[in-house]
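Chain and residue survey
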Amino acid sequence: MNTVAFRPGNYYVSLSITGTYCELKCPFCKGKYLAGMLNASNPELMLKILNYYYKRGTRGFLISGGFNRDGHLLIRSHHLKIIREFKRNHDVIFSIHSGPVPNDLLELIWSSEIDFIDFEIPPSNEYLRMIKGLKSHTLNKYFRFMEKASNYSKEFIVPHIVLNSIASNVNDELRTIKVIADFKPRLLVTLVEIRSRNSNYIDIDRIIKVLRIARKLFNEVSLGCMRPSEFKVKYDEVIIKERLVDRVVNPKVSIINKFNLKVMGACCGISRSHFKLFPTLRK
C-alpha cells in the first residue's frame, strides 16, 4: 500500500465551539491552538460557518474547542442537533475531539451521526499529570472510553497517540499501542510532541521503534499533523522510505515529489470509503 499525503486546507476545516475559552488550559497549549480554529461559539454562528464553507467546497468539519476540568469537550445538545440536521441534508463528514465524555454524552454524539471521534490516548499516566494537568485521571479511563465507543462501531473512533514525549518513554508508548490494538481500530494516528524551542529534542530511533511495532499491529498507521517542523525536514523521508506509515499529513512539497505521493484534500482520519468526497490535489 503506497503512502498517501493529506492536506486538509479548506476542504476539511476545524471549528471551536467554545471560541478561545477552555477550562483545562493544558500546560503545552493554554488555549493557543483554539485561536487557529473557526469560532463557532454559538448555534447561529456555527450554522453560518457550516453553510459558508460547504458552498465553497468543504466536505469535512472537525468539531473541537475547549475542554472542561474533567478533560472532555464542552459540547452541548444544541451543537449536536445542528450537526445532525446539517449532515442529513448535505454530503459531508463530521469528526470530533471529544475526549472521554460521559456515557450519556457519548450516546448523543453517536446519535448525532458524527462519523468518527479523533481520540487522543495519552502514552502514560505521567503524561496525564504533567502535560494535561489531569492528576486524578489514568490511562484506564481512556481505554474504557475507547471500548465503549468501539462497541458502537469499529469505524467510530480513531485513536491518536503522542510519541517522543518528555512525560513518557518508549516502553510506555509500546504498552499503550498494544492495548489500543486490542480494540482493532481501522487506523492509528501517531503524533510527535512539540516542545519549547530550547527542548525540542527528537529521538528518531525511539519513534521508529514504536512505528515498526505499530506497523505490525494496525491495518493502517498515519503520521498526523502534530509534529515539529524540524521533524518534517529531517525525518518524514526516513519514515516514508521505510514504509512505516500509510498516511502522512502536510509533508514538504519536496517529499511529495520525491515519492510521487497522491495528495488528498482531507483529514487523515477519514475512512477510505470517504475518499471519494474529497479532491485529489495537484502536487
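Our subject is the structure that appears above.
The structure contained in this document is the topic of the report that follows. Model, not experiment: these values are computed from the prediction. All residue numbers here refer to positions counted from 1 along the written sequence of the relevant chain. Where local features are concerned, this predicted model is filtered to residues with pLDDT of at least 70; where side-chain atom pairs are given and counted, the filter is 80 or more; whole-chain, interface and lining totals use all residues. To obtain the side-chain values, all non-hydrogen atoms of the structure were used and water was disregarded.

Attention shifts here to the sheet that holds strand β6 (residues 116-120). Strand order in the open sheet formed by eleven strands is β3-β2-β4-β5-β6-β7-β8-β9-β10-β1-β11, with parallel pairing between adjacent strands. Each edge of the open sheet is held by one strand with a lone partner, namely β3 (38-39) and β11 (262-264). As judged from the three bridges shared by strand β1 (residues 4-6) and β11, these two strands associate in the parallel manner. Paired with Ala 5 across the strands is Val 263, a residue of β11. In what follows, residue pairs with any heavy atoms lying within 4.5 Å of each other are defined as contacts. Simply put, an axis is a line fit to the C-alpha atoms, just over the touching stretch for a helix, and the angle between two N-to-C directions goes from 0 to 180 degrees. Secondary structure elements follow DSSP: runs of H or I no shorter than four residues count as helices, runs of E no shorter than two count as strands, and numbering proceeds from the N terminus. Taken strand by strand, helix α6 (residues 170-182) contacts β7 (157-163) and β8 (188-192), and its axis lies near 175° from that of β7. For two strands to count as paired, DSSP must find a minimum of two bridges between them.

Here the phi dihedral of Glu 113 falls at roughly 70°; this positive angle occurs in a residue that is not glycine. Among the structural elements, Glu 113 can be located in the loop between α3 (103-111) and β6. Even without being glycine, Asn 260 reaches a positive phi, approximately 50°. Residue position: Asn 260 is located in the loop between α10 (253-259) and β11.

With that settled, the discussion passes to the layout of surface pockets. Space left empty within the atom packing is revealed by a probe, the size of a water molecule, rolled over the atoms. The volume enclosed by the largest pocket comes to roughly 1300 Å³. The pocket and cavity definitions rest on a 1 Å grid over protein atoms only: a 1.4 Å probe that fits but cannot leave marks a cavity, an open set with protein on both sides within 12 Å along at least five of seven lines marks a pocket, and residues lining either have an atom within 4 Å of a point. As for the largest pocket, its lining consists of 47 residues, of which Tyr 33, Met 37, Leu 62, Ser 64 and His 97 are closest to the centre. Mapped onto the lining of the largest pocket, the elements with two or more residues apiece are β2 (12-16), β4 (60-64), β6, β7 and β8. Grouping the constituent residues of the lining of the largest pocket by class yields 30 nonpolar, 13 polar and four charged. Grid points are joined across faces, edges and corners, and a volume is the space filled by probe spheres set on the points. Classification convention: Asp, Glu, Lys, Arg as charged; Ala, Val, Leu, Ile, Met, Phe, Trp, Tyr, Cys, Pro as nonpolar; all other residues, Gly among them, as polar.

Helical geometry: 3.6 residues make up each α-helical turn, so side chains three or four residues apart lie on a common side. Between its first and last C-alpha, helix α7 (residues 204-217) extends 20 Å over 14 residues, near the 20 Å set by a 1.5 Å rise per residue. Residue exposure (1.4 Å probe, protein chains only): buried if accessible area is under 20% of the type maximum, exposed if over 50%, otherwise partly exposed. Within α7 the residues assigned to the buried category are Ile 204, Arg 206, Ile 207, Ile 208, Val 210, Leu 211 and Ala 214. At its buried positions, α7 is contacted by β7, α6, β8, β9 (221-223), α8 (229-234) and α9 (236-241). Each helix should span, by expectation, one fewer than its residue count multiplied by 1.5 Å.

What follows covers α6. In a regular helix each residue adds 1.5 Å, so 13 residues correspond to 18 Å; α6 covers 19 Å between its end C-alpha atoms and thus fits that length. Turning to α6, the residues buried within the fold contact α5 (139-152), β7, β8 and α7. Immediately beyond the C-terminal end of α6, within one or two residues, lies Lys 184, with a positive phi of roughly 55°.

Here we come to the pairing of β2. With four of five residues buried, β2 is to be regarded as a mostly interior element. Alignment of β2 against β3, held across two bridges, turns out to be parallel. In the sheet register, Ser 16 faces β3, and the bridge partner there is Asn 39.

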